[in-house]
Amino acid sequence: MTEKRRTNSGFRIPRFYVIYLAATITVIVIVLIALGIVRSRMAEYEAAQPKYVAEEVFARYFEPIDYITLLTDADYEAGEADIEELADYLRDEIGGEQLTYSVGSSNDPDEIKYIVKAGSKQLGAIALKTCSQKTEHGFQTYELSHIELYLNTEAYLEELSRIAVTVEVPAGYSVTVDGEPLTAELAADVYTRTDIMKYYPPDVPEIEYAVYTITTLHELPKEVVAIDPDGFQAQVSFEEDTNTYTCSLVYSEAMEAEYSDFVINALEGYAAYVQNAKNVGLNNIKDYFDTGSDAYADVVAAGGNRWMVRTWSGIDFENVSIGEFYTHTPEIFSCHISFKQLLHQAGQEDFVDFIDMYVFLHLTDQGYKIYDWFHA
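Report on the accompanying structure. (Residues numbered from 1 in each chain as written. Predicted model: local features only at pLDDT ≥ 70, side-chain atom pairs only at ≥ 80, totals over all residues. Heavy atoms only, no water.)

## Points about the overall build of the chain
Check the secondary structure of the chain and you find seven helices and 16 strands. Classification of the 376 residues of the chain by burial places 37% in the buried group. Here the chain displays about 23400 Å² of accessible surface, and carbon together with sulfur accounts for 50% of that area. (Helix = DSSP H or I, 4+ residues; strand = E, 2+ residues; numbered from the N terminus. Buried < 20%, exposed > 50% of the residue type's maximum accessible area, 1.4 Å probe, protein only. Areas by Shrake-Rupley, 256 points an atom, 1.4 Å probe, with all protein chains shown as cover.)

Following this line, the structure appears as structure tokens:
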């Protein structure tokens, strides 16, 4: 019997497709490897870009800004200004603006600059230079060369060197500072000097002082001169802590010479009268006063209480001081008088009293008379 040969009728992949598939897989693997190499190279290239160095430097010095470190490390021209002055200058320049940086241009081909701005104002630059060290595959790297600051401090330092000077002078006085008259535009304020007069009669204008402020000087003035409306020069004092020049009132020497004895006699007579001194009555002092005035009414009222005061046999006055004669209006002037009063009585200890008063006199048909006063 003849043996029959059996054949395999199962599915077989043609050799062509096997070769094609193998080739495709090989190509894909090669492409993937190539892509990995490219990505690696690109990442290496990207990491070497100067913008990352600029970002790091900006964050170190400007975000937030460290003024002292920045001024210590940066390059700039600032004359004789010290670092604290420059820090204040930068604070003023930046104000509330946001700090940013962007690539700029440089004259050096091996240098890249990033301009730092405060708002739209150029503040400085971060300069990078090429580094001798390259990446593994030869890409160029960068490092910080220097930081530049664009400082225009001339005007700022000039302003900083100026000093503020205040001149306080009685209203109506003319003032010159080193020969230059002070104009009304410089008058910053007007106030009443309460330390001169704590009381003003209704018909007496308050003593006002004008305050002048000068901010254009670089040193203290050599001379401050104040002249009153009558042409007399005032004394000027200086307060060093505040750079304030204060001009005193010009007191009238002529009025003092003419009316000192008048006022002294009036006040000594008044003091003796109210203390019930022997042989001193209202008629002894009446002619010193305007009999229709408040001051005279005070004298009469005090005289009504004399019955309660013992009669002193003697009286003396010591340390009599009178001055500060000041003309408030053409018909009114005041002065300041003080003295110690000693009242004697045989066999008894002396009684001591003190008088310290500002006295106002006005012009009447009988000449100047006392019409108001107050205790200092």
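## As for the sheet that holds strand S13 (residues 314-329)
Here we have four strands laid out as an open sheet, ordered S13-S14-S15-S16, and antiparallel in their pairing. Two strands bound the open sheet, and with one partner strand each, they are S13 and strand S16 (367-375). Between one strand axis and the next, the sheet turns through 25 degrees on average, direction left out of account. Both S13 and strand S14 (residues 332-344) contribute to a ladder of 11 bridges, which runs antiparallel. The partner of Ser-321 across the bridge, within S14, is Ser-338. Those strands touched by helix H6 (residues 253-274) are S13, S14, strand S15 (351-364) and S16, and its axis lies near 135 degrees from that of S13. (Pairing = 2+ DSSP bridges. Axes fitted to C-alpha atoms, helices over the stretch in contact; angles between N-to-C directions. Contact = heavy atoms within 4.5 Å.)

## Here we look at the layout of surface pockets
Taken as a whole, the largest pocket encloses approximately 410 Å³ of empty space. Surrounding the largest pocket, 17 residues form its lining, Asp-228, Phe-232, Val-250, Tyr-251 and Ser-252 being those nearest its centre. Secondary-structure elements contributing two or more residues to the lining of the largest pocket are H6 and S13. When its residues are assigned to classes, the lining of the largest pocket shows eight nonpolar, four polar and five charged. Lining of the second largest pocket is provided by Pro-170, Ala-171, Tyr-173, Pro-205, Glu-206, Ile-207, Glu-208, Leu-249, Tyr-326, Thr-327 and His-328. (1 Å grid on protein atoms, 1.4 Å probe; cavity = no way out; pocket = protein on both sides within 12 Å on 5 of 7 lines; lining within 4 Å. Points joined across faces, edges and corners; volume = space filled by probe spheres on them. Nonpolar A, V, L, I, M, F, W, Y, C, P; charged D, E, K, R; others polar.)

## With respect to the pairing of S15
Sheet analysis places S14 next to S15, joined by 12 bridges and oriented antiparallel. What sits directly across from Ile-337, in S15, is Met-357. Here eight bridges tie S15 to S16, and the two strands are oriented antiparallel to one another. Within the sheet, the bridge partner assigned to Leu-361 lies in S16 and is Ile-370. In sequence, S15 turns back onto S16 through a hairpin of two residues.

## A few points about the pattern of salt bridges
A full pass over the atoms with the stated rule returns eight salt bridges. Residues Glu-93 and Lys-121 are paired through a salt bridge, measuring 3.8 Å at the closest nitrogen-oxygen approach. Pair noted here: Glu-93 is in helix H4 (residues 83-94) and Lys-121 is in strand S3 (residues 121-131), with a separation of 28 residues, a long-range link. Of the residues examined, Lys-121 reaches a relative accessible area of 35% and is grouped as partly exposed. Residue Glu-143 pairs with Lys-129 through a salt bridge whose shortest N-O separation is 3.9 Å. Residue Glu-143 is found in strand S4 (residues 141-149), and its partner Lys-129 is found in strand S3; the two are separated by 14 residues along the sequence. Glu-143 gets classed as partly exposed once you look at its relative accessible area, which sits at 32%. Exposure remark for Lys-129: the relative accessible area of 36% places this residue in the partly exposed category. (Salt bridge = Lys/Arg side-chain N within 4 Å of Asp/Glu carboxyl O.)

## Focus: the environment of Ala-164
By the element assignment, Ala-164 lies in strand S5 (residues 163-170). The exposure class of Ala-164 is partly exposed, given its relative accessible area of 44%. Sequence separation of Ala-164 and Thr-215 is 51 residues, and the distance between their C-alpha atoms is 4.5 Å. Ignoring any residue separated from it by four or fewer positions in sequence, one finds Ala-164 in contact with Ile-214, Thr-215 and Asn-243.

## Notes on the packing of aromatic side chains
Counted by the stated rule, this structure contains 19 aromatic pairs. Seen in terms of ring centroids, Tyr-259 and Phe-333 are 5.2 Å apart; in terms of plane orientation they differ by 45 degrees. Their pairing is tilted. Of this pair, Tyr-259 sits in helix H6 while Phe-333 is found in strand S14, placing the two residues 74 residues apart along the sequence. For the pair Tyr-358 and Phe-374, a centre-to-centre distance of 5.1 Å together with 15 degrees between the ring planes defines the contact as stacked. Of this pair, Tyr-358 sits in strand S15 while Phe-374 sits in strand S16, and the two are 16 residues apart along the sequence. (Phe/Tyr/Trp six-rings, centres within 6.5 Å; stacked < 30°, edge-to-face > 60°.)

## What to know about the nonpolar core
Formed by 32 residues in total, the largest nonpolar core has its most connected members in Val-263, Leu-267, Phe-289, Ile-337, Val-359, Ile-370 and Trp-373. For this core, the secondary-structure elements that each account for two or more residues are H6, helix H7 (294-303), S13, S14, S15 and S16. If you tally residues by element for this core, the top one is H6, at 11 residues. In this view, Leu-267 contacts Ile-337, Phe-339, Ile-355, Met-357, Val-359, Ile-370 and Trp-373; residues no more than four positions away in its chain are not counted. (Core = buried A, V, L, I, M, F, W, Y, C linked by side-chain atoms within 4.5 Å.)

## Digging into H4
Given a rise of 1.5 Å per residue, 12 residues ought to cover 16 Å, and the 16 Å separating the end C-alpha atoms of H4 matches this to within 8%. Considered for burial, the residues of H4 that qualify are Leu-86, Ala-87, Tyr-89, Leu-90 and Ile-94. Projected down its long axis, H4 carries its buried residues within an arc of 160 degrees, all on one side. The N-terminus of H4 is capped by Asp-82, whose side-chain oxygen sits 3.1 Å from the backbone nitrogen of Glu-84. Following H4 by one or two positions, Gly-95 has its phi on the positive side, about 55 degrees. (Expected span 1.5 Å × (residues − 1). Arc of directions from axis to C-beta. Polar contact = N/O pair within 3.5 Å; in protein donor to acceptor, adjacent residues only side chain to side chain.)

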